[in-house]
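Structural characterization, general
Listed below are the residues making up each chain.
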Amino acid sequence: MKDLTVSNIDRQNVLNNHVALQAIQEYIGLSGMFFNEEYVFTKDMLSSFYNISESTIERYLESSELELKHNGYQVLKGKKLKEFKDQFGNIINITSKTPQLGIFNFRAFLNLGMLLVESEMAKALRSKILDIVIDSLNQKTGGSTKFINQRDEDFLNTILKEPHYRKEFTDALKDYLDLGNFKYFYYTDKIYECVFKENAKEYKRILKLEQKDNLRDTMYAEVLKLIASYETGLAHEMKTKSELLGRKLSQPEMDKLLEVFSNHPLYKPLMEDARTKMATRDYGFRRVFHDNLKQYINSISKSDFDRFLGEKSKTLEERIDENIDVFKRLKNR
């Protein structure tokens, strides 16, 4: 069970998940005051709900100010405060002389609840939050997150192109490397290790894949694109080196070629991006931890929640059905 009080990444993964947020807000049933297109809450309202003193809230605002402001806590002054007083001054206990007022939107309200260790209400809410997050994820993915990568609209286009780049690489291994059939498995594994620091066996174990599962069917589009870049780039380098030598490459020569290729500065930003996306999404969506990529784990962005769970996200089967006419035209060319 994740401890939301100690992990900023786990808290942010809840607060960026608009599907779960809506379900949590409906579950709590606390609407607040509708101001500037969202429901907001005063410190007094939070004090009553969480059964804590306002001084406790002030202490958390001081210790976690940046996080709470990032998630929607704000201090109203001037014109905004006047607008708020005009709407709600007769409902809440604020005078016309009040110079400023701190308010929480629902995300900040929930954020405080995930930080509070003094409140029994907050503790009970945190337990329910994790249940709702898991339930909402299962509802969107049909109970399994194994192929959540395929809900991305970029995946279909990427996986359709992937066999072309793969063939370039396997053809190069056949034509330019002096080694038996073992080379196809071995150097595919080496590329995986370069890209995300795991070989095929380790990746399958971590994701708990079946023997029959195709690894690339579970990979995110960005990871597949980087693997494709590696494979097509290496194919070119192998051909160039082999033609220069006038013979096939030996295994030590191929190993050296891969080492030089992997350390090229061109791939560093692409590698960092692919590793971050893979480690972060797997931790947040699949609840899978890649130990070799732990330094790359971050919170899942709002755009990624939209991408994989929002209105634009669809199963691979749905996307194929939508594009079936295009596939038929391509086949008949």
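Residues numbered from 1 in each chain as written. Predicted model: local features only at pLDDT ≥ 70, side-chain atom pairs only at ≥ 80, totals over all residues. Heavy atoms only, no water.

Description of the overall build of the protein chain
In plain terms, the rule: Here a strand is any run of E in DSSP of at least two residues, a helix any run of H or I of at least four, and the numbering for each starts at the N terminus. The reference for a compact globule is 2.2 Å times residues^0.38; the radius of gyration itself is calculated from the C-alpha atoms. Only heavy atoms matter for contacts: two residues are in contact if any of them lie within 4.5 Å across the pair. The Shrake-Rupley method, run with a 1.4 Å probe, gives the accessible areas here. Residue values count only the displayed protein chains as cover.
Across its full length, the protein chain carries 17 helices and 4 strands. Relative to a compact globule of 333 residues, whose C-alpha radius of gyration would be 20 Å, the protein chain shows 26 Å and is clearly more extended. Across its three principal axes, the protein chain shows a C-alpha extent of roughly 90 × 45 × 40 Å. Across the protein chain, every contact between residues at least 6 apart in sequence was considered, and the portion connecting residues at least 24 apart equals 69%. Of the roughly 18100 Å² of accessible surface on the protein chain, 50% is carried by carbon and sulfur atoms.

Remarks on the environment of Gly233
By the secondary structure assignment, Gly233 is in helix α12 (residues 221-245). When the C-alpha positions of Gly233 and Glu168 are compared, they lie 9.4 Å apart, and in sequence the two are 65 residues distant.

Re the nonpolar core
Rules: Put simply, buried Ala, Val, Leu, Ile, Met, Phe, Trp, Tyr and Cys residues joined by side-chain atoms within 4.5 Å make one nonpolar core. Partly exposed describes any residue whose relative accessible area lies between the buried limit of under 20% and the exposed limit of over 50%, with all areas from a 1.4 Å probe on protein chains only and scaled to the type maximum.
Judged by nonpolar contacts, the single largest core of 52 residues is most densely connected at Phe196, Met219, Val223, Tyr230 and Met238. Listed by contribution, the elements that provide at least two residues to this core are α9 (153-176), α10 (182-196), α11 (200-207), α12, α13 (251-262), α14 (268-284) and α15 (302-309). For this core, the element with the highest residue contribution is α12, accounting for 8 residues. Ignoring anything within four residues of it in the chain, the contact list for Phe196 reads Tyr203, Met219, Val223, Ile227, Arg275, Met278 and Leu293. Residues Leu115, Leu116, Leu125 and Leu130 belong to the second largest nonpolar core, which totals 32 residues.

Observations regarding the packing of helix α1 (residues 8-15) against helix α7 (residues 106-115)
Heads up, the condition is: Orientation is described by lines fitted to C-alpha atoms, with helices fitted over the stretch in contact, and by angles between N-to-C directions that extend from 0 to 180 degrees. Relative orientations are named as follows: roughly parallel for angles under 35 degrees, roughly antiparallel for angles over 145 degrees, roughly perpendicular for angles from 65 to 115 degrees, and oblique for any other angle. Each helix crossing is assigned a hand: it is left-handed if the near helix lies turned anticlockwise from the far helix by less than a right angle, otherwise right-handed if that turn is clockwise.
Direction vectors running N to C along α1 and α7 enclose 150°, while the axes themselves pass 10 Å from each other. Of the possible angle classes, the one that applies to α1 and α7 is roughly antiparallel. Classified by chirality, the crossing of α7 by α1 is right-handed. Together, Arg11, Gln12, Val14 and Leu15 of α1 and Arg107, Leu110, Asn111, Met114 and Leu115 of α7 make up the contact between the two elements.

Things to note about the packing of aromatic side chains
Definition in use: Only Phe, Tyr and Trp rings take part, Trp by its six-membered ring, and two of them pair if their centres are within 6.5 Å. Stacked means planes under 30 degrees apart, edge-to-face means over 60, and tilted covers everything else.
Applying the stated criterion across every chain, the model contains 20 aromatic pairs. Ring centres of Tyr220 and Phe308 lie 5.8 Å apart, and the angle between their planes is 85°; this geometry places the pair in the edge-to-face category. With Tyr220 in the loop between α11 and α12 and Phe308 in helix α15, the pair connects residues that are 88 residues apart, well separated along the chain. Judged on exposure class, the residue Tyr220 and its partner Phe308 are both buried.

Here we look at the layout of surface pockets
Test applied: With a 1 Å grid laid over protein atoms only, a set of points is called a cavity when a 1.4 Å probe fits there but cannot get out and a pocket when it is open yet has protein on both sides within 12 Å along at least five of seven lines; lining residues have an atom within 4 Å of a point. Grid points are joined across faces, edges and corners, and a volume is the space filled by probe spheres set on the points.
In this structure, the largest pocket spans a volume of roughly 260 Å³. Residue lining of the largest pocket: 15 residues in total, with Lys2, Leu130, Val133, Ile134 and Arg287 positioned closest to the centre.

Regarding the pairing of strand β2 (residues 38-42)
The test is simple: At least two bridges found by DSSP between two strands is the condition for calling them paired.
Sheet analysis places strand β1 (residues 33-35) next to β2, joined by 3 bridges and oriented antiparallel. The residue bridging Met33 from the neighbouring strand is Val40, located in β2. Bridge analysis of β2 against strand β4 (residues 101-105) gives 3 bridges, and the strand direction is antiparallel. The partner of Thr42 across the bridge, within β4, is Ile103.

Remarks on the sheet that holds β2
What the 4 strands build is an open sheet, ordered β1-β2-β4-β3; its pairing is antiparallel. A strand with exactly one partner marks an edge of an open sheet, and here the two such strands are β1 and β3 (74-76). Across the sheet, the mean angle separating the axes of adjacent strands is 50° when strand polarity is ignored. Summarising the sheet, β3 and β4 pair through 3 bridges and their orientation is antiparallel. When the bridges of β4 are listed, Leu76 appears paired with Leu101.

Note that all results are geometric; they support no functional claim without further evidence.
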